[in-house]
Amino acid sequence: MAITSSTNTIGLLNLQTNGKHWNMDLPLFRSSHLKVRRFKRIFKCASQVNDISVEVVKPEIDFKDPDWKKHFQEDFDNRFRLPHLTDILDVKPRPTTFSLKSRGPLGDGNGAPMDTWYGYVNDDDRALLKVIKFASPNSAGAECIDPDCSWVEQWVHRAGPRKQIYYEPKEVKAAIVTCGGLCPGLNDVIRQIVFTLEKYGVKNIVGIQFGYRGFCDENLREVPLSHQVVQNINLAGGSLLGVSRGGPSISDIVDSIQAKAIDMLFVLGGNGTHAGANAIHDECRKRKMKVSVVGVPKTIDNDIQLMDKTFGFDTAVEEAQRAINSAYIEAQSAYHGIGLVKLMGRSSGFIAMHASLSSGQIDICLIPEVPFKLEGPNGLLQHLEHLIKTKGKAVVCVAEGAGQELLQKSAALDASGNVVLGDIGVHIQQQIKRHFKNIGVPADVKYIDPTYMVRACRANASDAILCTVLGQNAVHGAFAGFSGITTGICNIHYVYLPIPEVIRSPRRVDPNSRMWHRCLTSTGQPDFC
């Protein structure tokens, strides 16, 4: 029996109990109490040509130890401790200049008395990482640490402004960089970072153009940012600063940070970009630089660990409705019409699953996490035959990373080091046409690929709110002295997480989760294996 995380895989424990094989998700940690196995995961990072090696630890817990829960929690707390400037530098805090009760920085940048309340977050505030107590490992989507599904509290740091800050706002130079591909909400995050920095009293804010390459490309100059510059950028999609994949080495980037006298770096990107941000943070610490590197997780695929969702996802799901509705109308209007829509999701099928759920028009949803067959009595093509016979039409939604085992594997890599995927949408379209031709049944197949339309649009209301909070919290985290962290939403609460904890592997849909079961109930599709 396999017990896997519904979305948030934080590690893997293999356990043999009563002859059964357990495959369980656990926080990764080192401990004097627990034996561990170590291996390396290689990231092809958007920030450098060379691979970034991130050590992953597989814990083996002795559940016979009566204190195993205590040891587990101690090691979890150690693992999720946020890196801070005071770890390497002798820096003293000062009263914050951030206030909710004034138009500008408190006391003209001199701060406020420590006993004055302005809505600050205490350093000891925590939010629960997991909130469901599973009674059995057989429960749908069960995430169990031990065979008895014991309840173990896992607390992470609450995000928000602190009473004490570790920078003099008037002396700070802050930089913002957007990396990877486009995503709805990039401009919203840029805008809120600038607004919040100015609220603290920061005057020197710049944008780095076209991702990490902007640090070292002499043709790309810093873009001065201010309230006036960013006021209306949220009204358009894309990124004011531009995006790109790849870039110079980590050493060259940190050399540039030193030369440009940057004190705070806000990095907007996905897993690869965050791996680069963490490497930049490590190099800055090695050089004992007073620089806070803070990430803001950006991916419409919603595939970053430990977080409820990332910005751009809701907008992508909403925008995908247009393509699905068009496919439905095409299928409904044709004799034996079949609409086929391919959506983004190279390793995680969240967009396809949520778009299928929200549309109510999808008959078949295919995601990377669930293998499927085309041929045979239980195959996709046989089910399409059934749908044409009974309904006269069918609509299929497929994630771009689904069914890659059916295609010829490619050795080509993109600029981020990801394997270039085969086009599963075109392949399924061709196979559907071939199949119905062979059985002598007419079928009118319409294929729609809205990939770049989905990611290039403006953020919707839900994402705009998420971007606003993430941008503000990124600034609060930097002024609080944290570095090597990212900010996100966890169980509806906003938190700070160490970057290594979110970049270990993509977040994936659990085929045993309630959400996937809901999707299957909606589509009515059978098991295609």
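The structure presented is a predicted model; accordingly, all values stated were derived computationally and were not measured.

A. Looking closely at the nonpolar core. Residues Ile 176, Leu 197, Met 264, Phe 266, Phe 311 and Phe 479 are the most contacted members of the largest nonpolar core, which totals 73 residues. If near-sequence neighbours (up to four positions away) are discounted, Met 264 is found in contact with Tyr 167, Val 172, Lys 173, Ala 174, Ala 175, Leu 197, Ser 292, Ala 478 and Phe 479. Judged by nonpolar contacts, the second largest core, of 36 residues, contains Phe 76, Phe 80, Met 307 and Val 502.

B. Quick peek at the side chain of Arg 79. Structurally, Arg 79 can be placed in helix H1 (residues 68-79). Of the residues examined, Arg 79 reaches a relative accessible area of 15% and is grouped as buried. There is a polar contact of 2.7 Å between the side chain of Arg 79 and the side chain of Glu 501.

C. Inspection of the sheet that holds strand S7 (residues 155-158) at higher detail. Across the sheet, nine strands lie side by side as S6-S7-S19-S18-S13-S12-S9-S10-S11; this open sheet has mixed pairing. Pairing within the sheet leaves two strands with one partner each, and these edge strands are strand S6 (126-128) and strand S11 (223-224). When S7 meets strand S19 (residues 493-498), the two strands line up antiparallel, connected through two bridges. Bridge assignment links Arg 158 to a residue of S19, and that residue is Val 495. Contacts between helix H2 (residues 186-200) and the sheet are confined to strand S9 (173-178), strand S10 (204-208), strand S12 (264-269) and strand S13 (292-297), with S12 contributing the most and set at about 160° to the helix.

D. Focus on the packing of helix H8 (residues 380-390) against helix H9 (residues 424-438). The N-to-C vectors of H8 and H9 enclose an angle of 60°; their axes lie 11 Å apart at closest approach. As H8 runs across H9, the sense of the crossing is right-handed. Between H8, through Leu 380, Leu 381, Leu 384, Glu 385 and Ile 388, and H9, the contact on the second element is made entirely by Ile 428, Gln 431, Ile 432, Arg 434, His 435 and Phe 436. Across the contact of H8 with H9, the residue classes break down as seven nonpolar, two polar and two charged.

E. Examining the confidence of the model for the protein chain more closely. Per-residue confidence for the protein chain gives a mean pLDDT of 86; residues scoring 70 or more make up 85%. Confidence drops under a pLDDT of 50 for residues 1-58, and excluding neighbours within four residues, the segment shows 197 contacts in the predicted structure.

F. Spotlight on unusual backbone geometry. Phi at Phe 210 takes a positive value of approximately 55°, unusual for a residue other than glycine. Relative to the helices and strands, Phe 210 is located in the loop between S10 and S11. Backbone geometry places Ala 261, a non-glycine residue, at a positive phi of 60°. Mapping Ala 261 onto the fold places it in the loop between helix H4 (250-259) and S12. Judged by relative accessible area, which is 48%, Ala 261 ranks as partly exposed.

G. Examining the sheet that holds strand S14 (residues 337-343) more closely. Spatially, four strands are ordered S15-S16-S14-S17 in an open sheet, and the strand pairing comes out parallel. Among the strands making up the open sheet, the edge pair consists of strand S15 (364-366) and strand S17 (444-448). Going from strand to strand, the sheet's axes swing by 15° on average, the running direction of each strand aside. In the sheet, S14 pairs with strand S16 (residues 393-399) via seven bridges, with the strands oriented parallel. Bridge pairing links Gly 337 to Lys 393 in S16. Sheet strands touched by helix H6 (residues 313-333): S14, S16 and S17. Its angle to S14, the strand with the most contacts, is close to 165°. Relative to the sheet, H9 contacts S14, S15, S16 and S17, its axis offset from that of S14 by approximately 165°.

H. Quick look at the environment of Val 317. Positionally, Val 317 belongs in helix H6. Judged by relative accessible area, which is 10%, Val 317 ranks as buried. Sequence separation between Val 317 and Ser 358 is 41 residues; the distance between their C-alpha atoms is 8.3 Å. Excluding residues within four positions of it along the chain, Val 317 makes contact with Ile 351, His 354, Ala 355 and Ser 358.

I. Focus on the packing of aromatic side chains. Under the counting rule described, the total for this entry stands at seven aromatic pairs. Each ring, one from Tyr 212 and one from Phe 215, has its centre 6.5 Å from the other, and the planes form 25°; the classification is stacked. Accessibility classification places Tyr 212 together with Phe 215 in one group, the buried group. What links up through ring pairs into an aromatic cluster is the set Phe 98, Tyr 167, Tyr 200 and Phe 479. Against the face of Phe 350 rests Arg 507, its NZ or CZ located 4.8 Å from the ring centre.

J. Structural view of the packing of H2 against helix H11 (residues 461-479). Two elements in contact, H2 and H11, have axes separated by 8 Å at closest approach and are oriented at 40°. With respect to each other, H2 and H11 are oriented oblique. In this structure, the crossing between H2 and H11 has a hand that is right-handed. Contacts between H2 and H11 involve Asp 188, Val 189, Gln 192, Ile 193, Thr 196, Leu 197 and Tyr 200 on the former and, on the latter, Ala 464, Cys 467, Thr 468, Gly 471, Gln 472, Val 475, His 476 and Phe 479. Residue classes in the contact of H2 with H11 are distributed as eight nonpolar, six polar and one charged.

What counts and what doesn't
Sequence positions are assigned chain by chain, starting from 1 and proceeding in written order. With pLDDT at 70 or above as the cut-off, local features in this predicted model cover only qualifying residues; side-chain atom pairs require 80 or more to be listed or tallied, and sums for whole chains, interfaces and linings still use all residues. The basis for every side-chain value is the complete set of non-hydrogen atoms in the structure, without hydrogens or water. What makes a nonpolar core is a set of buried Ala, Val, Leu, Ile, Met, Phe, Trp, Tyr and Cys residues whose side-chain atoms join them at distances within 4.5 Å. Three labels apply to residues, based on accessible area from a 1.4 Å probe with only protein chains included: buried if under 20% of the type maximum, exposed if over 50%, partly exposed otherwise in between. By definition in these notes, contact holds between two residues if any of their heavy atoms fall within 4.5 Å. Helix numbering and strand numbering both begin at the N terminus, where a helix is a DSSP run of H or I of at least 4 residues and a strand a DSSP run of E of at least 2. Polar contacts, as used here, are pairs of N or O atoms within 3.5 Å; protein pairs need one atom able to donate a hydrogen and one able to accept it. Residues neighboring in sequence count only if both atoms are side-chain atoms. Two strands pair if DSSP finds at least two bridges between them. Axis lines are fitted to C-alpha atoms, over the contacting stretch for helices. Their N-to-C directions set the angle, which ranges from 0 to 180 degrees. Crossing chirality is assigned from the near helix's rotation relative to the far helix, an anticlockwise turn below a right angle marking it left-handed and a clockwise turn marking it right-handed. Basically, the charged four are Asp, Glu, Lys and Arg, the nonpolar ten are Ala, Val, Leu, Ile, Met, Phe, Trp, Tyr, Cys and Pro, and anything else, Gly included, counts as polar. The quantity known as pLDDT measures the predictor's confidence residue by residue, on a range of 0 to 100. Side-chain rings of Phe, Tyr and Trp (the six-membered ring for Trp) are treated as a pair once their centres are within 6.5 Å; stacked means planes under 30 degrees apart, edge-to-face means over 60, and tilted covers the remaining angles. Either the NZ atom of lysine or the CZ atom of arginine qualifies as a charge over a ring when it sits within 6 Å of the ring centre and within 35 degrees of the ring normal. With respect to orientation, any angle under 35 degrees is reported as roughly parallel, any angle over 145 as roughly antiparallel, any angle of 65 to 115 as roughly perpendicular, and every other angle as oblique.

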